[in-house]
Amino acid sequence: NAGVTQTPKFQVLKTGQSMTLQCAQDMNHEYMSWYRQDPGMGLRLIHYSVGAGITDQGEVPNGYNVSRSTTEDFPLRLLSAAPSQTSVYFCASSYWGTGGDTQYFGPGTRLTVL
Amino acid sequence: AQTVTQSQPEMSVQEAETVTLSCTYDTSESDYYLFWYKQPPSRQMILVIRQEAYKQQNATENRFSVNFQKAAKSFSLKISDSQLGDAAMYFCAYRTRRSYNTDKLIFGTGTRLQVFP
């Protein structure tokens, strides 16, 4: 049981490049979310999903796309990277049911956009 | 919209002493959850403690306990017998009681805790 995994751990992009941050969980959790962490601002919700095929926007969705084709995977796509997207990105998952209010986080991806 | 405020950017404590981290929140809801997460230098987000708003009893997990004041919208974390391994960034977070079609966790800006030997 690996929990929530994220790849890559580190990534450097040039402005305008695209890439996908991968997130997978093996706990059969219905809910998955993406957050970004910037200095002095805590974690902010980018997008979330309440199940396969269902996604919704969070607080800071601009510049990011998501899709959820399976319960296990929830990739985050940067279509045209900008320096403002330099951040640490966390994926999290949780389940529907008693105790499911707690989110379990992946190890994070540090992204630098030059 | 709900907000979470951590007014102490940094705190320090001597090993074996007790320290309290503050958190206040703003909401019009009556049913919700509150959390404290720890983020050590490894960057991993680790759940420290959770509190259900409809429970009056303060949550406790070993050396960690909370003082939950619902009317005052305050949720402070007390760390007793502080250890060097407690040094980390601590985040307070708020979550609406779950509904099947939404899933949002709102974080404060964090408090960096230093522990001195």
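Residues numbered from 1 in each chain as written. Chains lettered and ligands numbered in written order. Predicted model: local features only at pLDDT ≥ 70, side-chain atom pairs only at ≥ 80, totals over all residues. Heavy atoms only, no water.

Colleague: Which residues make up the overall build of chain A, and what values do they have?
Modeller: Of the regular secondary structure elements, chain A holds zero helices and eleven strands. Sequence-ordered secondary structure for chain A, helices as α and strands as β, is β-β-β-β-β-β-β-β-β-β-β. Its C-alpha radius of gyration of 13 Å places chain A within 12% of the 13 Å reference for a compact globule of 114 residues. Taken over the C-alpha atoms alone, chain A extends approximately 45 × 30 × 25 Å along its principal axes. Considering chain A as a whole, with its 114 residues, one finds that 50% of them fall into the buried category. In chain A, 54% of the contacts between residues at least 6 apart in sequence involve partners at least 24 apart. Accessible surface for chain A amounts to roughly 5000 Å². Of this, 52% is attributable to carbon and sulfur atoms. Taking the average place of the 7 positive charges on the side chains of chain A and the average place of its 8 negative ones, the gap between the two points comes to 14 Å. (Helix = DSSP H or I, 4+ residues; strand = E, 2+ residues; numbered from the N terminus. Rg over C-alpha atoms; globule rule 2.2 N^0.38 Å. Buried < 20%, exposed > 50% of the residue type's maximum accessible area, 1.4 Å probe, protein only. Contact = heavy atoms within 4.5 Å. Areas by Shrake-Rupley, 256 points an atom, 1.4 Å probe, with all protein chains shown as cover. Lys, Arg positive; Asp, Glu negative; His and termini not counted. Charge placed at Lys NZ, Arg CZ, Asp CG, Glu CD.)

Colleague: Tell me about the pattern of salt bridges, and please be specific about residues and values.
Modeller: For side chains bearing opposite charge, pairing can occur when the charged atoms are close. All told, the structure shown has six salt bridges over all chains when counted by the stated rule. One continuous salt-bridge network, built from bridges that share partners, spans Arg 36, Asp 38 and Arg 44 of chain A. (Salt bridge = Lys/Arg side-chain N within 4 Å of Asp/Glu carboxyl O.)

Colleague: Can you tell me about the state of the cysteines, naming the residues and giving the values?
Modeller: Counted under the stated rule, the structure contains two disulfides over all chains. For Cys 23 of chain A, the disulfide goes to Cys 91 of chain A, at an S-S distance of 1.8 Å. Where Cys 23 of chain A bonds to Cys 91 of chain A through sulfur, the torsion about that S-S bond is close to -70°, and the disulfide is left-handed. With a gap of 68 residues between them, Cys 23 of chain A in strand 3 (residues 19–25) and Cys 91 of chain A in strand 9 (residues 87–94) connect regions that are remote in the sequence. The same class applies to Cys 23 of chain A as to Cys 91 of chain A, namely buried. Sulfur-sulfur distance for the disulfide between Cys 23 of chain B and Cys 92 of chain B comes to 2.0 Å. (Disulfide = S-S within 2.5 Å.)

Colleague: Now, about the interface of chain A and chain B: what can you tell me, with residues and values included?
Modeller: Taken together, the 29 residues of chain A in the interface contact 22 residues of chain B. By the criterion of area lost to chain B, the three top residues of chain A are Leu 43, Asp 101 and Phe 105 of chain A, representing 27% of everything that side buries. Remark: the boundary between chain A and chain B carries zero salt bridges. Put simply, chain A and chain B have six residue pairs in polar contact (both at pLDDT 80 or more) between them. (Buried area = accessible area lost by both parts, 1.4 Å probe. Polar contact = N/O pair within 3.5 Å; in protein donor to acceptor, adjacent residues only side chain to side chain.)

Colleague: Describe in detail the side chain of Asp 86 of chain B, supporting the description with residues and values.
Modeller: Among the secondary structure elements, Asp 86 of chain B is positioned in the loop between strand 9 (74–79) and strand 10 (88–96). Polar side-chain contacts of Asp 86 of chain B include one of 2.8 Å to the backbone nitrogen of Gln 83 of chain B.

Colleague: Give me the packing of aromatic side chains: which residues, what numbers.
Modeller: For the structure on display, the rule yields 15 aromatic pairs over all chains. Taken together, a centroid distance of 5.8 Å and an interplanar angle of 45° make the contact between Tyr 35 of chain A and Phe 105 of chain A tilted. Taken as a pair, Tyr 35 of chain A in strand 4 (residues 31–38) and Phe 105 of chain A in strand 10 (residues 104–105) lie far apart in primary sequence, 70 residues in all. Relative accessible area serves as the criterion here: at 0%, Tyr 35 of chain A is assigned to the buried category. Here the aromatic rings of Phe 68 of chain B and Phe 75 of chain B are separated by 6.3 Å at their centres, their planes lie at 80°, and the arrangement is edge-to-face. Like Phe 68 of chain B, the residue Phe 75 of chain B is buried in the burial classification. Ring pairs connect the aromatic residues Tyr 35, Phe 90 and Phe 105 of chain A together with Tyr 33, Phe 35, Tyr 37, Phe 91 and Phe 107 of chain B, which therefore count as one cluster. The side chain of Arg 68 of chain A reaches across the aromatic face of Phe 74 of chain A, ending 6.0 Å from its centre. Its guanidinium or amino end placed over the ring of Phe 10 of chain A, Arg 43 of chain B lies 5.4 Å from that ring's centre, counting from NZ or CZ. (Phe/Tyr/Trp six-rings, centres within 6.5 Å; stacked < 30°, edge-to-face > 60°. Lys NZ or Arg CZ within 6 Å of the ring centre and 35° of its normal.)

Colleague: Describe the nonpolar core, with residues and values.
Modeller: All names here are of chain B. Grouped together as the largest cluster of nonpolar side chains are 25 residues, with contacts concentrated most on Tyr 25, Trp 36, Phe 75, Leu 77 and Tyr 90. Mapped by element, the contributors of at least two residues to this core are strand 3 (19–21), strand 5 (32–39), strand 6 (46–52), strand 8 (64–69), strand 9, strand 10 and strand 12 (111–116). By residue number, the principal contributor to this core is strand 10, which donates four residues. (Core = buried A, V, L, I, M, F, W, Y, C linked by side-chain atoms within 4.5 Å.)

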